[in-house]
Amino acid sequence: MKTILVATDFSPKARLASEVAISLVHQFKSDIHFLNVFHTPVNWSKLPKEQEGRFKEVKAKIGAAKAMLTELETEAKQKGLNASSVLSYDHENMNVLQHIRSHRHDLVVIGAHSRLTISDVLFGSVAINIIKNSPVSVLMVDEVDKFTSVKSILVAVDPDSNVAGFIKKVSDLFPAPDVKIKAFSVRIGTEKENGKILAGLNELIRRQTAENVTYGTVSAPSVEEGIIEKANGSEGDLLVIGPNRFSRVTDYLRTHVFPSVSSRVQKPLLILK
């Protein structure tokens, strides 16, 4: 994980996302890049300086946004991190997704319940577009009591999918042998656990991924309830969402599972690509 992008609107949750991102950058020796996409009524970059006075309120808000970006960048640099920031104007059709595609970021971090993610209607079109169309993984940060580093990761998977392949992606994104990856699937209702199958899957996963990986199951009335129960326990510093019986991210987002999990899990939530 070489570069992390923090897409921020300076809301309290976005600020929390920045803090989590800074912790990750410090742990994995990455670079951090802060981005704010600012709405302007005209093409601001091409507006003559003498005409900026026509938009005094906009100019003041741009100045404030630049100051807040500088504050985030300075804070990261004071912690010894390689940091940069940019203010983009969406009048130029430069949005978060276009920025992601034009730069080589490995992870995008956004704050839940901010303009960039969950809106007043729970999931606004911007959030869905970022999660569905981002070419790289997206980490959403909502309620976090204290986040200093990643010691263990919970990975929700579908046992009928390529579990080992999915876990390897997680391991590649967080390449540290001391980070424990705890994969799990949800058994619905009275579905019984098969000890032999479970042992076989554990052996297969360890052979194809790493020794720091374990696989288990939880029993719950539904997939979302099982994920929420597991995620809100004492294990894991963040939760990774796997396919969970949906073949495409688009299908997954259209179900009630993803919104339900994202709004009730008290850990950063990673949508892996």
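Along each chain, residue indices are assigned from 1 in the same order as the chain's sequence is written. At least 70 in pLDDT is required for a residue's local features to be given in this predicted model, at least 80 for side-chain atom pairs to be given and counted, and no such filter applies to totals for whole chains, interfaces and linings, which use all residues. Side-chain metrics in this entry use all non-hydrogen atoms of the structure; hydrogen atoms and water are not considered.

Asks: Got a minute to help me understand the packing of helix α1 (residues 12-28) against helix α2 (residues 56-78) in this structure?
Replies: Angle between the axes and distance between the axes: these two values describe a pair of packed helices. Note on method: axes are straight lines fitted to C-alpha atoms, helices fitted across the in-contact stretch only, with angles between N-to-C directions ranging 0 to 180 degrees. Runs of H or I in DSSP of at least four residues are treated as helices and runs of E of at least two as strands, each being numbered from the N terminus. Running from N to C, α1 and α2 cross one another at 25°; their axes reach a closest spacing of 11 Å. Considering their axes alone, α1 and α2 lie roughly parallel with respect to each other. With respect to the hand of their crossing, α1 and α2 are arranged in right-handed fashion. Where α1 abuts α2, its residues Arg15, Ser18 and Ile22 lie against Leu72, Glu75 and Ala76. Charged means Asp, Glu, Lys or Arg here, nonpolar means Ala, Val, Leu, Ile, Met, Phe, Trp, Tyr, Cys or Pro, and polar covers whatever is left, Gly included. Considering only residue class, the contact of α1 with α2 consists of three nonpolar, one polar and two charged. Angular relationships are summarised with four words: roughly parallel below 35 degrees, roughly antiparallel beyond 145, roughly perpendicular across 65 to 115, and oblique for the angles in between. A clockwise turn of the near helix away from the far one marks a right-handed crossing, whereas an anticlockwise turn of less than a right angle marks a left-handed crossing. Here, residues are in contact when the closest pair of their heavy atoms is within 4.5 Å.

Asks: How do you make sense of the pattern of salt bridges when you look at a structure like this?
Replies: Once the charged atoms of two side chains with opposite charge are near each other, the side chains can pair. Salt bridges, as used here, are contacts in which a Lys or Arg side-chain nitrogen is within 4 Å of a carboxyl oxygen on Asp or Glu. Counting across every chain of the model gives 10 salt bridges. Taking the shortest distance from any N to any O, the salt bridge between Glu75 and Arg15 comes out at 2.5 Å. You can see Glu75 sitting in helix α2 and its partner Arg15 sitting in helix α1, a full 60 residues away along the chain. By relative accessible area, which is 19% here, Glu75 ends up buried. Arg15 gets classed as partly exposed once you look at its relative accessible area, which sits at 29%. When salt bridges with common partners are traced through the structure, they connect Arg15, Glu19, Glu75 and Lys79 into a single cluster. Type-normalised accessible area, obtained with a 1.4 Å probe on protein chains alone, sets the label of each residue: buried when under 20%, exposed when over 50%, and partly exposed for intermediate values.

Asks: Explain the nonpolar core here, please?
Replies: Taken as a class, soluble globular proteins show a tendency for nonpolar side chains to be buried jointly. For the purposes of this section, nonpolar cores are sets of buried Ala, Val, Leu, Ile, Met, Phe, Trp, Tyr and Cys residues that join through side-chain atoms within 4.5 Å. Judged by nonpolar contacts, the single largest core of 53 residues is most densely connected at Leu24 and Phe174. Non-local contacts of Phe174, meaning those with residues more than four positions away in its chain, are made with Met1, Leu24, Phe28, Ile153, Leu238 and Leu270. The next biggest cluster of nonpolar side chains, apart from the first, holds 30 residues, and it includes Ala156, Ala220, Ile227 and Ala231.

Asks: What exactly am I supposed to notice about the environment of Ser85 here?
Replies: In this structure, Ser85 sits in strand β3 (residues 82-89). For the pair formed by Ser85 and Lys66, sequence separation is 19 residues and the distance between their alpha carbons is 9.0 Å. Once residues lying within four places of it in the same chain are set aside, the contact partners of Ser85 are His33, Phe34, Leu69 and Glu73. At 2.6 Å, the side chain of Ser85 and the side chain of Glu73 are in polar contact. Polar contacts here mean pairs of N or O atoms no more than 3.5 Å apart (in protein, one a potential hydrogen donor and the other a potential acceptor; neighbouring residues in sequence count only if both atoms are side-chain atoms).

Asks: In this structure, what is going on with the environment of Glu225? I would like to understand it.
Replies: Along the chain, the position of Glu225 falls in helix α7 (residues 223-231). Between the C-alpha atom of Glu225 and that of Ile188, which follows or precedes it by 37 residues, the distance is 9.7 Å. Apart from the residues lying within four places of it in its own chain, the contact partners of Glu225 are Ala220 and Arg264.

Asks: Honestly, the confidence of the model for the protein chain in this entry has me stumped. Any pointers?
Replies: The predicted coordinates should not be examined in detail at positions where pLDDT is low. Here the protein chain shows a mean pLDDT of 79. Residues at 70 or above account for 77%. For every residue, the predictor assigns a confidence score, pLDDT, that lies between 0 and 100. Within the model, pLDDT remains below 50 along residues 114-123, and this stretch shows 31 contacts once partners closer than five positions in the same chain are excluded. Confidence drops under pLDDT 50 across residues 243-250; counting only partners more than four residues distant or on other chains, this segment forms 22 contacts.

Asks: Mind showing me how you'd approach the environment of Ser30 here?
Replies: Note on placement: Ser30 falls in the loop between α1 and β2 (31-38). Residue class for Ser30 comes out buried when judged on its relative accessible area of 4%. On a C-alpha basis, the gap between Ser30 and Ile4 in space is 7.0 Å, while along the polypeptide they are 26 residues apart. In contact with Ser30, other than residues within four places in its own chain, are Met1, Lys2, Thr3 and Val25.

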